[in-house]
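Spelled out, the chains give:
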Amino acid sequence: MARRKKIYEGKAKILYEGPEPGTLVQYFKDDATAFNAEKRDVIDGKGVLNNRLSEFFMTGLANIGVPTHFLKRLNMREQLIRAVEIIPLEVIVRNFAAGSISKRLGMEEGTPMPRPIVEFSYKDDALGDPLVPEEYIIAFGWASQQDLDDIVSLALRVNDYMSGVMFGAGIKLVDFKIEIGRHYDGDFHRLILADEISPDSCRLWDIETGRKLDKDVFRRDLGDLADAYTEVARRLGVMPTNVTHAPTKPTLIN
Ligand code: UDP
């Protein structure tokens, strides 16, 4: 295949120009970072797992009518996606207290929220992705009030779907982060789910034991991250066997 043009390289993924206008190829790296990239490592097989898991969640969400950027998986590490203009917000949904909300409010991790809480951080690594109120988002023009209403209802649909799927696998969905993109179609645009959904961007606890099955394993040095992600994939039937060491077999695209 001809050398593709790299559009963007982030901490865990690379975006390449896609085969047709309006498409991109999203490549999942094995790099893990935390605390604004102060802690970093390479976790063998993480990219393969996240590619599969994100495909699984995005496909399931599309099946219940949630619009997503996912088009198809191309190979072990790459998927074809719709090109979107990313809204510079991290949309966080919380069902139980953990991480920053526990620190900010002195709330014990695991405390149930009275209802799912949706909050927004401004995507800016240099600033450490600060929490922002809706007032800032609208005043600075990152999104309109109508966009925010649509984003909140989309985030809550994702939460209901993900909570149910996880519950069926004996996993508690504590919180997660999504990103939303504007997808342009002629003169119109609509908001769709973009980026990825994977254990890198969720907190997942085993319902019985409380074992952490997400990136906190890396952030807090709790064991082998690839083992934790493989367990999630196994329980969901995404990868019944441990294929993290299987040979890569890319599929050619036309
Ligand atoms: N999260 C993420 N990327 C970020 C910040 C947070 O994917 O840059 C996810 C994180 O994995 C967790 C949720 O969003 O599932 C809530 O994170 P929190 O605000 O508690 O921040 P953290 O404790 O991760 O710094």
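Residues numbered from 1 in each chain as written. Predicted model: local features only at pLDDT ≥ 70, side-chain atom pairs only at ≥ 80, totals over all residues. Heavy atoms only, no water.

### Describing the overall build of the chain
Secondary structure assignment for the chain yields six helices and 14 strands. Radius of gyration (C-alpha) of the chain: 18 Å, near the 18 Å computed for a compact globule of 254 residues. Principal axes of the C-alpha set define a box for the chain whose edges measure 55 × 45 × 35 Å. Taken across its 254 residues, the chain has 48% of its residues classed as buried. (Helix = DSSP H or I, 4+ residues; strand = E, 2+ residues; numbered from the N terminus. Rg over C-alpha atoms; globule rule 2.2 N^0.38 Å. Buried < 20%, exposed > 50% of the residue type's maximum accessible area, 1.4 Å probe, protein only.)

### Quick look at the environment of L15
For L15, the location among the structural elements is in strand β2 (residues 13–17). The class for L15 is buried, based on a relative accessible area of 19%. C-alpha of L15 to C-alpha of L80: the two residues are 65 residues apart in sequence and 9.8 Å apart in space. Setting aside anything within four residues of it in sequence, one finds L15 in contact with K5, K6, I7, Y8, L24, V25, Q26 and I81. (Contact = heavy atoms within 4.5 Å.)

### Remarks on the site of the ligand
Close contacts around the ligand come from 15 residues, with R94, S100, D175, R203 and R219 the closest. Within the side chain of D129, one N or O atom sits 3.4 Å away from an oxygen atom of the ligand. A distance of 2.9 Å separates an oxygen atom of the ligand from a polar atom in the side chain of R219. Isolated, the ligand exposes 500 Å² of accessible area, and the fraction of that covered by the protein chains is 77%. (Near = heavy atom within 4 Å. Polar contact = N/O pair within 3.5 Å; in protein donor to acceptor, adjacent residues only side chain to side chain. Areas by Shrake-Rupley, 256 points an atom, 1.4 Å probe, with all protein chains shown as cover.)

### Quick look at helix α6 (residues 225–236)
An α-helix turns once per 3.6 residues; consequently, residues spaced three or four apart project the same way. The end-to-end C-alpha separation of α6 is 17 Å, in line with the 16 Å expected for 12 residues at 1.5 Å each. Burial analysis of α6 places nine of its 12 residues in the buried class, which makes it a mostly covered element. Turning to α6, its buried residues are L225, A226, A228, Y229, T230, E231, V232, A233 and L236. On the buried face of α6, the contacting elements are β4 (31–34), α1 (46–63), α4 (145–168), β12 (171–185), β14 (202–206) and α5 (216–219). (Expected span 1.5 Å × (residues − 1).)

### Examining the nonpolar core
The biggest cluster of nonpolar side chains holds 51 residues, and the ones touching the most others in it are V158, M162, I178, I180, L193, I197 and L236. The contacts of L193, once residues within four sequence positions are left out, are M58, L61, P67, T68, H69, L154, V158, I178, E179 and I180. Within the second largest apolar cluster, five residues are counted, among which are I14, Y16, L74 and L80. (Core = buried A, V, L, I, M, F, W, Y, C linked by side-chain atoms within 4.5 Å.)

### A few points about the sheet that holds strand β6 (residues 70–73)
Strand order in the open sheet formed by five strands is β1-β2-β3-β7-β6, and the pairing between neighbours is antiparallel. What marks the edges here is a single partner per strand, and that holds for β1 (6–9) and β6. Each adjacent strand pair in this sheet contributes to an overall mean axis angle of 25°, direction not counted. Of the pairings in the sheet, the one linking β1 to β2 comprises three bridges and is antiparallel in character. Within β2, the residue paired with K6 across the bridge is Y16. (Pairing = 2+ DSSP bridges. Axes fitted to C-alpha atoms, helices over the stretch in contact; angles between N-to-C directions.)

### What about the environment of M76?
By secondary structure assignment, the location of M76 is in the loop between β6 and β7 (78–82). By relative accessible area, which is 11% here, M76 ends up buried.

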